[in-house]
Amino acid sequence: MSTRISVRGSSSWLKGVLSATGLAWKAGPDSVTLLTLLTVMAAVLPVGMAWLTKMTIDSIVVGDDVIPLAVALAVAGLLYGLVPNANRFLRAELERATGVLAQGRLYTAVNALPGLARFEDPAFLDRLRLASQFGGRTPAQLLDGTLGLFGGVLTISGLLGSLFTLYPLLAGVALTGTVPMLIAEIALARRRAALMWGLEPAQRREFFYGQLLSDAEAAKEVRLFGLGAFLRDRMLSERRQADVQRRRLDRRELLVQSVLAALAAAISGAGVVFVVAATTAGGLGVGDVSMFLLAMTGVQSGVAGLVAQAAGAHQQLLLFRHFQDVETVEPDLAAPERLTVTLPLQTAIELRDVWFRYSPEHPWILRGVNLVIPRGKAVALIGRNGSGKSTIVKLLCRFYDPERGSVFWDGTDIRMLDPAELRKRIGAVFQDFMAYHLSAAENIGLGDLSLMADQERIEEAARRAGVHDELSALPRGYDTLLTRIFADNADKDDPTTGVFLSGGQWQRVALARAMLGEDHDLLILDEPSSGLDAEAEHEIHVMLKEHRRGRTSLLISHRLGAVRDADSLVVLDGGQVVEQGTHDELMRKGGVYTRLFTLQASRYQGEQMEVG
Ligand SMILES: Nc1ncnc2c1ncn2[C@@H]1O[C@H](COP(=O)(O)OP(=O)(O)OP(=O)(O)O)[C@@H](O)[C@H]1O
């Protein structure tokens, strides 16, 4: 996807307008119809009022009955005053309706992305932020702008026509003055939209520093290392650098618009001199003078409005393109022509000569990995930090595809399977599992949405993960919020409305989430006990061993004692499998595993002796 705001052809311009107005129509057809009617009304009223004024003055001069004209003028004036308010209300209504529709469509498109790659692409994230910010607003504004343009053209044509009947030359001059205005404002709108896009990375960084300064998790390190002023200065520096660019554009706008205003004043000044001279020479009546003055100011404010509408619509369109781009973004994982049904695991999951790197710019993480996870067996992955253990987990869940080689599910390449179906068969506790700002029950229920309301099953999962007693003892039991972020204003001072769990307790909640519901064909536990104390770790491992019995599982842990009883231990190094076998086989071999295990065991014994 291009990260640049490009100049696109008129067909794509039209496509954008049609897509945006189509969205607005779908969201609120009644509002769109009423807005159109009101726009036409607002457009013809100034022309009608100019003529009514002229006719009223002419009638006064010749002594005719002016009451009906004056009443008509008053009614027109009243409508002229009311229409903008009704317009504003309708536009807000339409914005709300399109906002909901667009946001729904946007996040449906985001949810449809099967892999993780897009979420690691900063350009995509910038586009998504702009799309989310403006996608809902732009259709209504674009429609309003387009209708406004149409109305403006209607008003200006009416007024120019009226001017033309008086002084054809002046109508021509007034019309010529609009061209540079239009060109200049469109160019400014283009720059404004490009600037917003260009400033996204700086705004993202500014937001990041701001978040750190107010984030509860970051607060510890920010205070311990005294990072507050450093982060604040970085945040302000990002803002200042962005402001330099904003100021540059504001200056350009100031200059261009001042020149345009001077041009408009010169044109209307010249017109006034002409008309006054013509009236003194006896060529025009008093009503004609009023007509001219109203028409001239009407044309000028109409043109200014028209130009602003055109520029605004253009800018909205450029921003709306981010929404279109996200909505039509290519999936990050290739889909096969025909999907194969994902059946329960019968024999094994296998990685065959898998080569993987996160992008062509990144180094190879896996270099020809071969690995078999037989059904009903527990396989443990062991290796140094960064050796690619969690990467293998991500490939098994098909968050990415290998660059070479394949992952097979009972002999079928998982590229042939529906990722959602495949993932339903896998239960996992990731190393960086989520702590949701929701209640304890919901935090577990998310593991299987169909069981969200099944308190019994949720408690059973918590019991298996060894966290039931803690959750039951919370102020509101399982309904206690595990956060204080969403405490309502009304009960924000009530300490029972939200609590904080410890790292180990969160880990058990994540474990309960993974174990809720259907028995998964594959259970992945990426460091499931790293945050637990020794006693808790022992308990969890006894429980997990029981739970895993006869089930297929992939275990990752740096604590080798915790995985020594796995059916097969696989040691990764340099992106390759360097050793594989049972604990006893690997210990006999005297290789990497023996070294690591002996090191850990001797340390542990040392600690025991010290404690003893
Ligand atoms: N999303 C990503 N984009 C780019 N590189 C990544 C990404 N995720 C991981 N890596 C890199 O891939 C390598 C392997 O990471 P991985 O998390 O698989 O290692 P690991 O063996 O699980 O490590 P640890 O024991 O520390 O958990 C690391 O060098 C890491 O920097």
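- Going by what an unreviewed UniProt entry lists, the protein chain is known as ABC transporter ATP-binding protein and is assigned to Nonomuraea rhodomycinica.
- Looking at the protein chain in UniProt, the text filed under Sequence similarities (unreviewed entry) is "Belongs to the ABC transporter superfamily. Siderophore-Fe(3+) uptake transporter (SIUT) (TC 3.A.1.21) family."
- What the UniProt record of the protein chain gives under Subcellular location (unreviewed entry) is the line "Cell inner membrane".

## Some details on the overall build of the protein chain
Working step 1: On a plain count of helices and strands, the protein chain comes out with 19 helices and 10 strands.
Working step 2: For a compact globule of 612 residues, the expected C-alpha radius of gyration is about 25 Å, and the protein chain comes in at 35 Å, more than 25% above that figure.
Working step 3: If you line up the protein chain on its principal axes, its C-alpha atoms span 120 × 55 × 55 Å.
Working step 4: Per-residue burial for the protein chain yields a buried fraction of 42% across its 612 residues.
Working step 5: Restricting the contact set of the protein chain to residue pairs at least 6 apart, pairs at least 24 apart contribute 73%.
Working step 6: Of the roughly 31,700 Å² of accessible surface on the protein chain, a fraction of 59% belongs to carbon and sulfur atoms.
Working step 7: Counting 63 positive and 68 negative side-chain charges, the protein chain places the centres of these two groups 6 Å from one another.

## Description of the pattern of salt bridges
Working step 1: Across all of its chains, the model carries 20 salt bridges by this definition.
Working step 2: A salt bridge links Arg-91 to Asp-144; the shortest N-O distance between them is 2.6 Å. Of the two residues, Arg-91 sits in helix 3 (residues 67-111) while Asp-144 sits in helix 5 (residues 137-166), which places them 53 residues apart along the sequence.
Working step 3: Residue classification places Arg-91 among the partly exposed residues on the basis of a relative accessible area of 29%.

## Some remarks on the site of the ligand
Working step 1: Neighbouring the ligand are 16 residues, the closest being Gly-386, Lys-389, Ser-390, Thr-391 and Gln-431.
Working step 2: At 2.8 Å from an oxygen atom of the ligand is found a main-chain nitrogen or oxygen belonging to Gly-386.
Working step 3: Between the ligand and the protein, one listed contact pairs an oxygen atom with a backbone N or O atom of Ser-387 at 3.1 Å.
Working step 4: A total of 630 Å² of accessible area belongs to the ligand in isolation, and the protein chains cover 69% of it.
Working step 5: Along the lines of polarity and charge, the residues of the shell around the ligand split into 3 nonpolar, 9 polar and 4 charged.

## Some words on the domain arrangement of the protein chain
Working step 1: What the domain assignment lists for the protein chain is domain 1 (10-167 + 284-328) and domain 2 (348-429 + 554-604).
Working step 2: Between the C-alpha centres of domain 1 and domain 2 there is a distance of 60 Å.
Working step 3: Of the residues lining the interface, 5 residues belong to domain 1; the matching set on domain 2 comes to 6 residues.
Working step 4: Taken together, the two surfaces of domain 1 and domain 2 that pack against each other cover about 370 Å², and 55% of this comes from carbon and sulfur.

How each quantity is defined
Residues numbered from 1 in each chain as written. Predicted model: local features only at pLDDT ≥ 70, side-chain atom pairs only at ≥ 80, totals over all residues. Heavy atoms only, no water. UniProt positions renumbered as here; feature names shortened; annotations may be inferred. Helix = DSSP H or I, 4+ residues; strand = E, 2+ residues; numbered from the N terminus. Rg over C-alpha atoms; globule rule 2.2 N^0.38 Å. Buried < 20%, exposed > 50% of the residue type's maximum accessible area, 1.4 Å probe, protein only. Contact = heavy atoms within 4.5 Å. Areas by Shrake-Rupley, 256 points an atom, 1.4 Å probe, with all protein chains shown as cover. Lys, Arg positive; Asp, Glu negative; His and termini not counted. Charge placed at Lys NZ, Arg CZ, Asp CG, Glu CD. Salt bridge = Lys/Arg side-chain N within 4 Å of Asp/Glu carboxyl O. Near = heavy atom within 4 Å. Polar contact = N/O pair within 3.5 Å; in protein donor to acceptor, adjacent residues only side chain to side chain. Nonpolar A, V, L, I, M, F, W, Y, C, P; charged D, E, K, R; others polar. Domains from an automatic or database assignment. Buried area = accessible area lost by both parts, 1.4 Å probe.

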